[in-house]
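Okay, here's what each chain looks like letter by letter:
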Amino acid sequence: MVFSPSPQTAQPTNLSAFVGGINAAAPLFGMPAEDCIYSYNLNANEYGMSVRLGTDEWANGLTGTGVKSILPYNSSTPELFSATNQGIWDITTENVTTPTKVVTFSNVAEGAGQITSINYTNSAATWLLCSDELNGYHTYDGTNWDLIGGIAPVITLPGGLVDVTADIVFVMAWKKRLWFIVDGYSDAYYLPVDAVQGELVLFRLSNKFQQGGAPVGLWSWTIDSGAGVDDLLVALSEEGDCLIYSGIDPSSTEGIALIGSYYVGELPVGRRVAHGFGGDLIVLSTNGILSLSSFLQGTPLETSSSYLTQRIEKLVRESMIGQRNYYGWGLFVSPKDSTLIISTPINGDERPIQFVMNTTTKSWGFWRDIPFVSGATWQDEFYIGSEDTNVFRYSGSVDNANIDGSGGDDIEYSVLSSYLDYGSPATNKVVQYVRPTFRSGSIPSYSSRALYDYDFSEIFYALPAGQGTSGAWQPGIPSSVWDTAVWAGALSSSYSTLGSSGMGRTIAIAIRGNSATVTDLVDVNVMWTSGGMM
């Protein structure tokens, strides 16, 4: 008996841009079409996926082993400082190439320049107060560094006999008091209201840390409990204990109360492990980013909804393995494009990676190729300290733009969609063409390809601006004719119909390109045929 082969019928499919972001929590089979397996330098937002902003050089000429900290001073005359392992530098002026070193560190070993800082206003001045792991407590009043009334500040332990100014590793403010962590001590300390120096008062933590370990830091958490807005005090230990206090006056037994004791998971090295996030306080641990508000709502720790990183928890956990004890972990927020950033240690010659979430859509992706060591927001701009002692502003459409505005590198973006079976999981399919649609200030440069049956390969070739390829990825393949229609002012929509090759039961679309202008991926048209079960 002779059997006729199944007829092949071309079928079109339109995929929206993968605005769900990376989903490492879903099974590969059945992952939603709006999610993706990986995404580099594309921020998922309300309209599609946008190539992230670039980096333009703000300051250079610093010396040391990377810009460990960015220190905003927010007063009537705002100023910006940065720190390397050698000291603190004034980088207020844009395009500065010979910044002034305002503080010189005596200890330049690992941990030097890893600063926590606050802006604090009392009756005397608006202060920038900071401390690092090795060089102690430093003050700035808008005029002088490390001078209060003409003399250096002094912090002493209770009793006033032991000077620990050089041993302060963390400073914060809560209820008009300064609070401190002192290296080598297992408790917290505070000063009287409005004081910026003087004799500390002990606040016992060590007997409440059930997992043990030294305190990492203290944070103020503003909540609205329904009875009005209140600021809670949160203490974290390096082994993952989390203590939450309410009250006003820590010197009174009735003035402050422990309202919760929890375990959040082991913390990575450094003190940038907690950050205010709307009306919440979030904590970075080996378990991911935990929302502390879930505790007050009674949500069990093991519940995935307690974690902002629930969709990428596996990736964060894997990244933490072997790297938890290296400096580089931290939480940052860039208001310019509404992103929450998890910085990671820079590992030798590997391309730098950050985990990034759109704070509106809660979609995750990776940033790549930004040598991110530190960051902070100042005057509505986000600034990044790099491993090569340059300070960059997160702005523009190219990376590494020179301090004079010249040059810069294209931003390379890449995405792999989820795998779909298009309603016939047992049937082999062949993609005839892939047609991404972009909004861009110029014709995009990209490659696109259909991958089959859970291949995670990142395609490797991107053409110069204005060309696109797919299929076998041979350099020099001409693109099809572009069709461009004006849309949204200076931006336009562009697409090119491209061939593809291969066969499989499930299909994912990989796109990789270079961008030197505003670029949004809007959707992807796919034409495929089915040849029956094989």
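Residues numbered from 1 in each chain as written. Predicted model: local features only at pLDDT ≥ 70, side-chain atom pairs only at ≥ 80, totals over all residues. Heavy atoms only, no water.

Participant: Quick question: what am I supposed to make of the overall build of the protein here?
Facilitator: Secondary structure assignment for the protein yields 2 helices and 42 strands. Sorting the 534 residues of the protein into buried and exposed places 54% on the buried side. Once local pairs closer than 6 in sequence are excluded, the contacts in the protein between residues at least 24 apart make up 59%. Surface summary for the protein: the accessible area is close to 21,700 Å², and the carbon and sulfur share equals 51%. (Helix = DSSP H or I, 4+ residues; strand = E, 2+ residues; numbered from the N terminus. Buried < 20%, exposed > 50% of the residue type's maximum accessible area, 1.4 Å probe, protein only. Contact = heavy atoms within 4.5 Å. Areas by Shrake-Rupley, 256 points an atom, 1.4 Å probe, with all protein chains shown as cover.)

Participant: Honestly, the environment of Tyr 262 in this entry has me stumped. Any pointers?
Facilitator: Along the chain, the position of Tyr 262 falls in strand E23 (residues 256-263). Each C-alpha atom, one on Tyr 262 and one on Asp 241, is 5.9 Å from the other, the two residues being 21 residues apart in sequence. If we skip the residues at most four places from it in the chain, Tyr 262 touches Gly 240, Asp 241, Cys 242, Ile 244, Phe 295 and Leu 296.

Participant: Is there a simple way to explain the pairing of strand E12 (residues 126-131) in this structure?
Facilitator: As a general feature of sheets, a regular strand has side chains that alternate between the two faces. Within E12, 5 of the 6 residues are buried, leaving the element largely enclosed by the surrounding structure. Examined bridge by bridge, strand E11 (residues 116-121) and E12 share 6 bridges and lie antiparallel to one another. For Asn 119, the partnering residue across the bridge sits in E12 and is Leu 128. Taken together, E11 and the strand that follows it, E12, pair antiparallel across an intervening segment of 4 residues. Across 4 bridges, E12 lies against strand E13 (residues 137-140) in antiparallel orientation. Counted as the bridge partner of Cys 130 is His 138 from E13. (Pairing = 2+ DSSP bridges.)

Participant: What is the right way to look at the environment of Leu 308 in this model?
Facilitator: On the secondary structure map, Leu 308 appears in the loop between helix H1 (293-296) and helix H2 (313-320). Separated by 24 residues in sequence, Leu 308 and Leu 284 place their C-alpha atoms 9.9 Å apart. Leave out the neighbours within four places in its chain, and Leu 308 touches Phe 277, Ile 282, Ile 289, Leu 340, Met 357 and Trp 364.

Participant: Any chance you could explain the side chain of Gln 114 here in plain terms?
Facilitator: Assignment of secondary structure puts Gln 114 in the loop between strand E10 (100-104) and E11. At 3.5 Å, the side chain of Gln 114 forms a polar contact with the side chain of Arg 272. Sequence-distant contacts of Gln 114, defined by excluding residues within four places in its chain, comprise Lys 68, Ser 69, Ser 131, Asp 132, Glu 133, Arg 272 and Tyr 327. (Polar contact = N/O pair within 3.5 Å; in protein donor to acceptor, adjacent residues only side chain to side chain.)

Participant: Teacher, can you tell me more about the pattern of salt bridges here?
Facilitator: Proximity of charged atoms lets side chains of opposite charge pair with each other. Scanning the model with the defined rule gives 19 salt bridges in all. Here Glu 381 makes a salt bridge to Lys 336, at a shortest N to O gap of 2.7 Å. Here Glu 381, found in strand E32 (residues 381-386), pairs with Lys 336, found in the loop between strand E27 (330-334) and strand E28 (339-343); they are 45 residues apart in sequence, far enough to count as distant. Classification of Lys 336 as partly exposed rests on a relative accessible area of 36%. Close ionic contact of Arg 512 with Glu 412 constitutes a salt bridge, the shortest N to O distance being 2.9 Å. Residue Arg 512 is found in strand E41 (residues 507-515), and its partner Glu 412 is found in strand E34 (residues 411-417); the two are separated by 100 residues along the sequence. The exposure classification of Arg 512 matches that of Glu 412, with both residues buried. The network of salt bridges with common partners includes Arg 351, Arg 368, Asp 369, Glu 412, Glu 458 and Arg 512. (Salt bridge = Lys/Arg side-chain N within 4 Å of Asp/Glu carboxyl O.)

Participant: So what exactly am I meant to see when it comes to the sheet that holds strand E16 (residues 177-182) here?
Facilitator: Pairing between the strands of a sheet is mediated by backbone hydrogen bonds and can be parallel or antiparallel. Strand order across the open sheet formed by 4 strands is E15-E16-E17-E19, with antiparallel pairing between neighbours. Of all the strands in the sheet, just strand E15 (168-174) and strand E19 (201-203) have a single pairing partner and so form its edges. Strand-to-strand, the axes of this sheet are offset by a mean angle of 30 degrees, without reference to chain direction. Pairing geometry for E15 and E16, over 6 bridges, is antiparallel. Bridging from a neighbouring strand, Met 172 pairs with Trp 179 of E16. (Axes fitted to C-alpha atoms, helices over the stretch in contact; angles between N-to-C directions.)

Participant: Explanation requested: the nonpolar core in the structure shown.
Facilitator: In terms of nonpolar packing, the biggest core is built from 51 residues, with Ile 342, Ile 509, Ile 511, Leu 521 and Val 524 touching the most fellow members. Here this core gets 5 residues from one element, more than from any other, and that element is E41. In this view, Ile 509 contacts Leu 15, Val 415, Leu 416, Ser 417, Val 434, Arg 449, Ala 450, Val 524 and Val 526; residues no more than four positions away in its chain are not counted. With 36 residues, the next largest nonpolar core counts Trp 179, Ile 181, Val 273 and Tyr 307 among its residues. (Core = buried A, V, L, I, M, F, W, Y, C linked by side-chain atoms within 4.5 Å.)

Participant: Hey, could you run me through the environment of Gly 276 in this one?
Facilitator: As for its position among the elements, Gly 276 is in strand E24 (residues 274-277). For the pair formed by Gly 276 and Val 333, sequence separation is 57 residues and the distance between their alpha carbons is 9.1 Å.

Participant: What is the right way to read unusual backbone geometry from this model?
Facilitator: Negative phi values dominate among residues other than glycine, just as trans dominates among peptide bonds. In this model, Asn 41 sits at a positive phi of 60 degrees, which is unusual for a non-glycine residue. Relative to the helices and strands, Asn 41 resides in the loop between strand E3 (35-40) and strand E4 (42-44). Its identity is not glycine, yet Tyr 454 carries a phi of approximately 70 degrees, on the positive side. When you line up the elements, Tyr 454 lands in the loop between strand E36 (445-452) and strand E37 (468-469).

Participant: Looking at this structure, I do not really get the pairing of E13. What am I missing?
Facilitator: Covered by surrounding structure in E13 are Tyr 137 and Thr 139 together with His 138 and Tyr 140, the residues of both alternating faces. From the end of E12 to the start of E13, which pair antiparallel, there are 5 residues, and Gly 136 there has a positive phi angle of about 75 degrees.

Participant: Sorry, what's going on with the packing of aromatic side chains here?
Facilitator: The description of two aromatic rings rests on the distance between their centres and on the angle between their planes. Using the criterion set out here, one finds 24 aromatic pairs in the structure. Each ring, one from Tyr 40 and one from Phe 366, has its centre 5.2 Å from the other, and the planes form 20 degrees; the classification is stacked. Of this pair, Tyr 40 sits in strand E3 while Phe 366 sits in strand E30 (residues 364-368); the two residues are 326 residues apart in sequence, bridging distant segments of the chain. A single burial state applies to Tyr 40 and to Phe 366, both of which are buried. With a centroid separation of 5.0 Å and 75 degrees between ring planes, the pair formed by Trp 58 and Tyr 383 is classed as edge-to-face. Of the two residues, Trp 58 sits in strand E6 (residues 55-59) while Tyr 383 sits in strand E32, which places them 325 residues apart along the sequence. Assessed through its relative accessible area of 5%, Trp 58 is described here as buried. Overall, the relative accessible area of 2% leaves Tyr 383 in the buried class. (Phe/Tyr/Trp six-rings, centres within 6.5 Å; stacked < 30°, edge-to-face > 60°.)

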